[in-house]
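Secondary and tertiary structure notes
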Amino acid sequence: MHTNSHLTVIHSFANRLASLGMIDELFWYVAEVVVPQLGFEDCTIFQYDIKSQKLIQKSTWNLHNPNKKNSLATGIQLSLGEGIAGTAAQTGEIVTIPDTRLDNRYKVGFKINLSECAIPLKYDNKVIGVLDCEHSEVNYFSEEKQKLLVTVAALLATRVGNSISLEKIEQTVEMLRNAEKLQKALYDIASLLHKANNMDDFYVRLHEIIGRLMYAGNFFIALYDKKQEVFNIPYFIDTVDDAPEHDIPVELLKNSL
């Protein structure tokens, strides 16, 4: 059975989940607050990056390290199957090492520890990261201690997984909005051929349409005259410079965009 103090920590963590906004904030809170309160000595949390197919270290904490995150660099990467954490990510199963001296997969972090337990963070049946804990004692991670870590990992994975899903939805919605804006802009530009009274009017309206898609405080239209080898600029708006008074020879712009 979990002790009352452990249950209090778990309950407090569950209540805090909603207020912890950024994913990185979640990782650091678990590593620096939750795990130490449960009595563990060392914690590293990895997030799985689908593109690189690597585990990327996002937070790390050790009881014997006085400076905590300042002296423990994040960003370390592991391949699937590499080390204890990589094995947990590859198999999707808990990996517990009673004595790290007898397992060649063990990788030394801040200091040599004698036991390790890696819990995969799973969301929607997919591994999205790993919660990895170590201890200076041999055979430290009993079944009861593993259950504590599994509970923390489950809460963390659900919250992180929900955040990732929400980000993907927001990105999709934004892409659809941008596509809709672009489609309307292209339609409006095509309509200008019939609505514009003259070319000067056409350029002004074209500038307005582009300005709805992106910043267009500096906007020029340059027409290339092949025979004269010059650029004629019939429309020129700039926040700093004035419009050029004459056509510009191609030679002057050979290194420009």
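Residues numbered from 1 in each chain as written. Predicted model: local features only at pLDDT ≥ 70, side-chain atom pairs only at ≥ 80, totals over all residues. Heavy atoms only, no water.

**Re the confidence of the model for the chain**
Low-pLDDT stretches of the model should not have their predicted coordinates read in fine detail. In this model, the chain carries a mean pLDDT of 83, and residues with pLDDT of at least 70 account for 90%. Looking over the chain, one finds the lowest element-wise mean pLDDT in helix α1 (residues 4-16), namely 78, and the highest in helix α3 (residues 83-91), namely 93. (pLDDT = per-residue confidence, 0-100. Helix = DSSP H or I, 4+ residues; strand = E, 2+ residues; numbered from the N terminus.)

**Side note on a nonpolar patch on the surface**
Taken together, the side chains of Leu 182, Leu 186, Leu 213 and Met 214 make up a nonpolar region of the molecular surface, amounting to roughly 370 Å² of accessible area. Within the secondary structure layout, Met 214 lies in the loop between α5 (199-213) and β7 (219-225). (Patch = residues over 30% accessible without salt bridge, like charges linked within 9 Å, V, L, I, M, F, W, Y side chains within 5 Å. Areas by Shrake-Rupley, 256 points an atom, 1.4 Å probe, with all protein chains shown as cover. Salt bridge = Lys/Arg side-chain N within 4 Å of Asp/Glu carboxyl O.)

**Things to note about helix α2 (residues 23-37)**
With 15 residues, α2 ought to run about 21 Å at 1.5 Å a step, and its terminal C-alpha atoms sit 20 Å apart, in line with that. Largest kink in α2: about 40 degrees, centred on Val 30. For α2, every residue scored as buried is listed here: Ile 23, Leu 26, Phe 27, Trp 28, Tyr 29, Val 30, Ala 31, Val 34 and Val 35. Immediately downstream of α2, the backbone of Gly 39 shows phi near 95 degrees, a positive value. (Expected span 1.5 Å × (residues − 1). Bend = angle between axes of the 7 residues up to and from the residue. Buried < 20%, exposed > 50% of the residue type's maximum accessible area, 1.4 Å probe, protein only.)

**What to know about the side chain of Ser 59**
Tracing the chain through its elements places Ser 59 in strand β2 (residues 54-62). In this structure Ser 59 comes out as buried when scored by relative accessible area, which is 0%. Only 3.0 Å separates the side chain of Ser 59 from the backbone oxygen of Phe 27, close enough to count as a polar contact. (Polar contact = N/O pair within 3.5 Å; in protein donor to acceptor, adjacent residues only side chain to side chain.)

**Brief notes about the packing of aromatic side chains**
Going through the model one piece at a time under the given rule, you end up with eight aromatic pairs. A ring pair is formed by Tyr 140 and Phe 141, whose centres lie 5.3 Å apart and whose planes are at 85 degrees; its orientation type is edge-to-face. Grouping residues by exposure puts Tyr 140 and Phe 141 together as buried. Ring centres of Phe 202 and Tyr 203 lie 6.0 Å apart, and the angle between their planes is 70 degrees; on these two criteria the pair is classed as edge-to-face. Here Phe 202 matches Tyr 203 in class, with each residue buried. By the ring-pair criterion, three or more aromatic residues cluster together here, those being Phe 202, Tyr 203, Phe 219 and Tyr 235. Over the ring of Tyr 140 we find Lys 145, and its NZ or CZ is 4.7 Å from the ring centre. (Phe/Tyr/Trp six-rings, centres within 6.5 Å; stacked < 30°, edge-to-face > 60°. Lys NZ or Arg CZ within 6 Å of the ring centre and 35° of its normal.)

**Considerations on the environment of Ile 189**
Position of Ile 189 relative to the elements: it lies in helix α4 (residues 143-195). Taking C-alpha positions, Ile 189 is 7.4 Å from Ile 209, a pair spaced 20 residues apart along the chain. In contact with Ile 189, other than residues within four places in its own chain, are Phe 202, Leu 206, Ile 209 and Ile 210. (Contact = heavy atoms within 4.5 Å.)

**Focus: α3**
Of all nine residues in α3, seven are buried; the element is thus mostly enclosed. Here α3 has its buried residues at Gly 83, Ile 84, Ala 85, Gly 86, Thr 87, Ala 88 and Ala 89. Of the surrounding secondary structure, the elements contacted by the buried residues of α3 are β1 (42-49), β2, β3 (77-79), β4 (95-97), β5 (115-123) and β6 (126-135). Downstream of α3 by one or two residues, Gly 92 has phi in the positive range, about 75 degrees.

**Some points on the sheet that holds strand β9 (residues 248-249)**
Ordered by their spatial adjacency, three strands build an open sheet running β7-β8-β9, and the pairing between neighbours is antiparallel. Each edge of the open sheet carries a strand with a single partner, namely β7 and β9. Note that β7 and strand β8 (residues 230-237) share six bridges and pair antiparallel. Its bridge partner being in β8, Ile 221 is matched across the sheet by Tyr 235. (Pairing = 2+ DSSP bridges.)

**A word on the sheet that holds β6**
One key point about sheets: their strands pair by backbone hydrogen bonds, in either a parallel or an antiparallel sense. Read from one edge of the open sheet, six strands run β3-β2-β1-β6-β5-β4, paired in antiparallel fashion. The sheet is open, and its two borders are formed by β3 and β4, each paired with just one other strand. On average, each strand axis in the sheet is inclined to that of its neighbour by 25 degrees, with strand direction left out of account. Bridge count for β2 against β3 is three bridges, and the pairing is antiparallel. If you follow Lys 54 over to β3, its bridge partner there is Ser 79. Here α2 sits on the sheet and contacts β1, β2, β5 and β6; the angle it forms with β2, its principal contact strand, is near 40 degrees. The strands that α3 touches are β1, β2, β3, β4, β5 and β6; relative to β5, the one it contacts most, it runs at about 35 degrees. (Axes fitted to C-alpha atoms, helices over the stretch in contact; angles between N-to-C directions.)

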